[in-house]
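An overview of the molecular structure
Spelled out from the first residue to the last, the chains are:
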Amino acid sequence: MVLLSIVAFVIPSKAQHTLSIAAEDTVILEVNEWHGTLQWQLSHDQVTWADLPGRTHDTLKIAPDQFPSYFRMKITDGECPPFYTAVIEVLEEIATPHLPFVSTVAPFSVAAWSAVTGGEITNAGGLPITARGVVYSTSPNPDVDNDIVVASGTGAGKFASLLTGLSSSTTYYVRAFAMNDEGTGYGEEYAFTTHADKIYYIGEEGPAGGIVYYDKGFYSDGWRYLELAPAGWAGGTFDPWVDLEWGCYQTLVGGTSTEIGTGKENTDLILAKGCADADTPVQLAANAIVNGYDDWFLPSRDELAAIYDNLFYLGPNFHSTYGFAALTYTCSSEIDAKSTWGVAFGDGSETQNLKILATIAVRPVRRF
């Protein structure tokens with residue numbers, strides 16, 4: 001901690017005192033010989049000042065989350081114009097430069113020819129990050145000089161990396177890296193094995209025991225196929241009816257799409273909005289665990305429509321073969337703050353439903 005006592009009633013235009021502290025250290029500032037109403041203020045440029053909520057005492061204890069940070073006290077006494085104390089400039093203490101510290105994201109969405117990974121730079125080493133990304137190989141300990149590099153820009157923070165052009169049924173080793181003028185730092189290494197080069201056909205059983213109902217013809221963004229959960233996924237013969245709101249009635253989630261390939265992102269947006277109760281469609285879908293798979297989501301409108309369009313003519317009876325009820329199935333695509341899209345599984349037509357409409361059926365899907 002750093003303690004500095006300052007005297008009130010100084011009206012400077014620039015910082016009067018400068019402190020250098022380690023990141024996440026705590027500064028204690030104290031004003032003495034004052035009278036009136038106190039309010040600590042913060043600025044990052046000495047031009048725009050903002051009151052620190054609740055900081056109205058003569059002592060301020062704070063760990064700056066950004067450098068430089070400037071602090072001062074505004075003192076108001078009756079109807080007199082406010083007085084300001086000396087400005088305290090707080091800088092981050094510069095440590096000896098060193099290699100960046102970086103962590104690797106465990107590979108996910110692994111397919112036959114692709115996978116997703118990434119990293120996070122947790123310490124830049126006191127220098128700008130000039131390059132970052134992941135490096136991979138079929139041999140352990142891949143490095144940027146000898147193996148395949150997927151670059152992800154510059155700067156600190158998190159980043160994602162899509163690995164494409166992989167070989168099926170092959171084990172790869174991957175680790176994140178970050179560079180500064182001191183050299184290259186590496187994250188932990190992960191090994192993963194790509195899927196077998198299997199072609200799935202519409203109507204065939206998928207990896208999770210459901211039904212493959214859509215094939216975009218190639219792998220991209222970590223997936224090629226859509227698989228719907230099997231009949232009885234929720235424990236009954238048919239899909240559950242949801243006698244509660246879709247969620248977010250009169251609140252626009254915003255950003256949802258109707259297109260194929262967007263249901264997962266729609267689901268994440270709705271959950272992030274915080275308006276999906278336990279028994280709403282998006283929660284039922286996102287919380288599903290079927291045959292050990294937990295990556296289900298509520299399909300978009302077009303993903304939902306593709307179930308009916310692609311499977312209706314495959315079996316002798318669409319509803320009994322796949323466990324569908326002749327009801328309106330809901331999706332993750334909004335129309336506006338009060339309504340969403342749906343698909344009537346009696347005839348495959350698109351519907352527009354109020355978010356408060358009851359008796360809406362749910363069937364989760366996943367992509368792989």
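The preceding data block contains the structure.
Notes on the structure in this doc start here. Owing to the predicted nature of the structure, the values given are computational and were not obtained by experimental measurement.

Re the sheet that holds strand β19 (residues 223-228)
With antiparallel pairing, the three strands of this open sheet are ordered in space as β18-β19-β25. On the outer flanks of this sheet lie β18 (211-220) and β25 (365-367), each paired with one strand and no other. When the angles between neighbouring strand axes are averaged without regard to direction, this sheet yields 15°.

Topic: the packing of aromatic side chains
This structure, assessed with the given rule, holds 16 aromatic pairs. Aromatic pair Phe 312 and Phe 318: ring centres 5.6 Å apart, planes at 45°, arrangement tilted. Note on Phe 318: relative accessible area 3%, which makes it buried. Ring plane angle 50° and centroid distance 5.8 Å describe the contact between Phe 318 and Phe 345, whose orientation is recorded as tilted. Of this pair, Phe 318 sits in helix α4 (residues 318-322) while Phe 345 sits in the loop between β22 (339-344) and β23 (350-354), and the two are 27 residues apart along the sequence. In terms of burial, Phe 318 and Phe 345 fall into one category: buried. Of the aromatic side chains, those joined through ring pairs into one cluster are Tyr 308, Phe 312, Tyr 313, Phe 318, Tyr 322, Phe 324, Tyr 329 and Phe 345. Between Arg 72 and the ring centre of Trp 49, over which it is positioned, the NZ or CZ distance is 4.1 Å. Cation over ring: Arg 175 sits above Tyr 186, and NZ or CZ is 3.9 Å from the ring centre.

Let's talk about the pairing of β19
Among the six residues in β19, six count as buried, and that is most of the element. With five bridges joining them, β18 and β19 adopt antiparallel strand pairing. Pairing of Val 212 across the sheet is with Glu 227, part of β19.

Regarding the nonpolar core
As a rule of thumb, nonpolar side chains are buried together in soluble globular proteins. Core analysis: the largest hydrophobic core is formed by 24 residues, its most contacted members being Tyr 213, Leu 228, Ile 307, Leu 311, Phe 324 and Phe 345. Within the residue set of this core, elements represented by two or more residues are β18, β19, α3 (301-311), α4, β21 (328-334) and β22. A total of six residues in this core trace back to one element, the largest contributor, which is α3. Apart from residues lying up to four places away in sequence, Phe 345 is in contact with Leu 304, Ile 307, Tyr 308, Phe 318, His 319, Phe 324, Ala 325, Ala 326, Leu 327 and Tyr 329.

Structural notes on a nonpolar patch on the surface
A cluster of nonpolar side chains, contributed by Leu 354, Ile 356 and Leu 357, occupies part of the molecular surface with about 250 Å² of accessible area. Note that Ile 356 resides in the loop between β23 and β24 (360-361).

Some thoughts on the pattern of salt bridges
Two side chains with opposite charge may pair up if their charged atoms get near one another. Inspection of every chain in the model, using the stated rule, returns ten salt bridges. Put simply, Arg 366 and Glu 227 hold a salt bridge, and the shortest N to O gap is 2.9 Å. With Arg 366 in strand β25 and Glu 227 in strand β19, the pair connects residues that are 139 residues apart, well separated along the chain. Assigned by exposure class, Arg 366 and Glu 227 land together as buried.

Parameters and conventions
- Residues numbered from 1 in each chain as written.
- Predicted model: local features only at pLDDT ≥ 70, side-chain atom pairs only at ≥ 80, totals over all residues.
- Heavy atoms only, no water.
- Pairing = 2+ DSSP bridges.
- Helix = DSSP H or I, 4+ residues; strand = E, 2+ residues; numbered from the N terminus.
- Axes fitted to C-alpha atoms, helices over the stretch in contact; angles between N-to-C directions.
- Phe/Tyr/Trp six-rings, centres within 6.5 Å; stacked < 30°, edge-to-face > 60°.
- Buried < 20%, exposed > 50% of the residue type's maximum accessible area, 1.4 Å probe, protein only.
- Lys NZ or Arg CZ within 6 Å of the ring centre and 35° of its normal.
- Core = buried A, V, L, I, M, F, W, Y, C linked by side-chain atoms within 4.5 Å.
- Contact = heavy atoms within 4.5 Å.
- Patch = residues over 30% accessible without salt bridge, like charges linked within 9 Å, V, L, I, M, F, W, Y side chains within 5 Å.
- Areas by Shrake-Rupley, 256 points an atom, 1.4 Å probe, with all protein chains shown as cover.
- Salt bridge = Lys/Arg side-chain N within 4 Å of Asp/Glu carboxyl O.

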